[in-house]
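Structural overview
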Amino acid sequence: RVSGLALFLQYGLLGLLTLPYVYTAVALARGVLAVGISMMLYLSAWRVQRQVRRRERNAPSPLGRQGLGALFNLSALALGGLLAYGVWSAYPLALVPRPLALAGYWVAALGLVTALIGEGPLRRGIGLILIVSGCESLYLAVERGLLVIGLVGILDVMLALALVYTTEMWIEAQQGVSTP
């Protein structure tokens, strides 16, 4: 569930960064969209957490929780940051302001790392949403047409709905495995 809150904060911070480059009404609409998407993902994360706890209660794992560990995740996060800075330095975007370009690269790189090391469809899907969000922030600084902005919003909603659906299917599959 913390990932959903972090995603909401990321939407807010990117919205503040892109505010000078898009229309105010568009920024407000993207903010409302971000609240809706974050709520959908938060509810899915809540259901995943409930399913994982139920499964651990019924059949605890002898090795404990399986995961890559906090040190690995922090190392991957630092690697993603270095990747974003390297791409930002090597390939500056002439039409995108430098702070926004760095933020877009940073979010996309963190999404790539999250998608690669994530456990389960929810974390990988959040990584995919981060990649798309980073690319959108770069693109919306260049293209300010309402049609494009509307299509980007529709893409966000469709991606979030696909992620929620995939997560629900994963939960149902897990329930089928854990119940005799």
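Please read these numbers as outputs of a predicted model, since none were measured by experiment.

Counting secondary structure elements, the protein chain contains six helices and zero strands. Taken from N to C terminus, the helices and strands of the protein chain fall in the order α-α-α-α-α-α. By its C-alpha atoms, the protein chain is 60 × 30 × 20 Å across when sized along the principal axes. When the accessible surface of the protein chain is totalled, it reaches about 10800 Å², and 72% of it is carbon and sulfur. Counting 13 positive and 7 negative side-chain charges, the protein chain places the averaged centre of each group 8 Å from the other.

Quick look at a nonpolar patch on the surface now. A cluster of nonpolar side chains, Phe-8, Leu-9, Val-35 and Met-39, forms an exposed patch at the surface whose accessible area comes to about 380 Å². At the level of secondary structure, the elements contributing two or more residues to the nonpolar patch comprise α1 (2-18) and α2 (24-58). Judged by relative accessible area, Leu-9 falls into the exposed class, the value being 57%.

Taking 1.5 Å as the rise per residue, α2 with 35 residues should run 51 Å; its terminal C-alpha atoms sit 51 Å apart, in good agreement. All buried positions along α2 are accounted for by Val-26, Ala-27, Ala-34, Ile-37, Ser-38, Leu-41, Ser-44, Ala-45, Val-48 and Gln-51.

Turning our attention to the pattern of salt bridges. In the structure shown here, the tally under the stated rule is three salt bridges. The salt bridge involving Arg-30 is made with Glu-136; its shortest N-O contact spans 3.2 Å. One end of the pair, Arg-30, is in helix α2; the other, Glu-136, is in helix α5 (residues 120-142), and 106 residues separate them in sequence. Taking relative accessible area as the criterion, Arg-30 reaches 22% and is therefore assigned partly exposed. The salt bridge partner of Glu-168 is Arg-47, with a shortest N-O separation of 2.8 Å. Of this pair, Glu-168 sits in helix α6 (residues 146-178) while Arg-47 sits in helix α2, placing them 121 residues apart in sequence. Residue classification places Glu-168 among the buried positions, given a relative accessible area of 19%. Three or more residues joined by partner-sharing salt bridges are found here, namely Arg-30, Glu-136 and Asp-156.

Procedures and definitions
Residues numbered from 1 in each chain as written. Predicted model: local features only at pLDDT ≥ 70, side-chain atom pairs only at ≥ 80, totals over all residues. Heavy atoms only, no water. Helix = DSSP H or I, 4+ residues; strand = E, 2+ residues; numbered from the N terminus. Areas by Shrake-Rupley, 256 points an atom, 1.4 Å probe, with all protein chains shown as cover. Lys, Arg positive; Asp, Glu negative; His and termini not counted. Charge placed at Lys NZ, Arg CZ, Asp CG, Glu CD. Patch = residues over 30% accessible without salt bridge, like charges linked within 9 Å, V, L, I, M, F, W, Y side chains within 5 Å. Salt bridge = Lys/Arg side-chain N within 4 Å of Asp/Glu carboxyl O. Buried < 20%, exposed > 50% of the residue type's maximum accessible area, 1.4 Å probe, protein only. Expected span 1.5 Å × (residues − 1).

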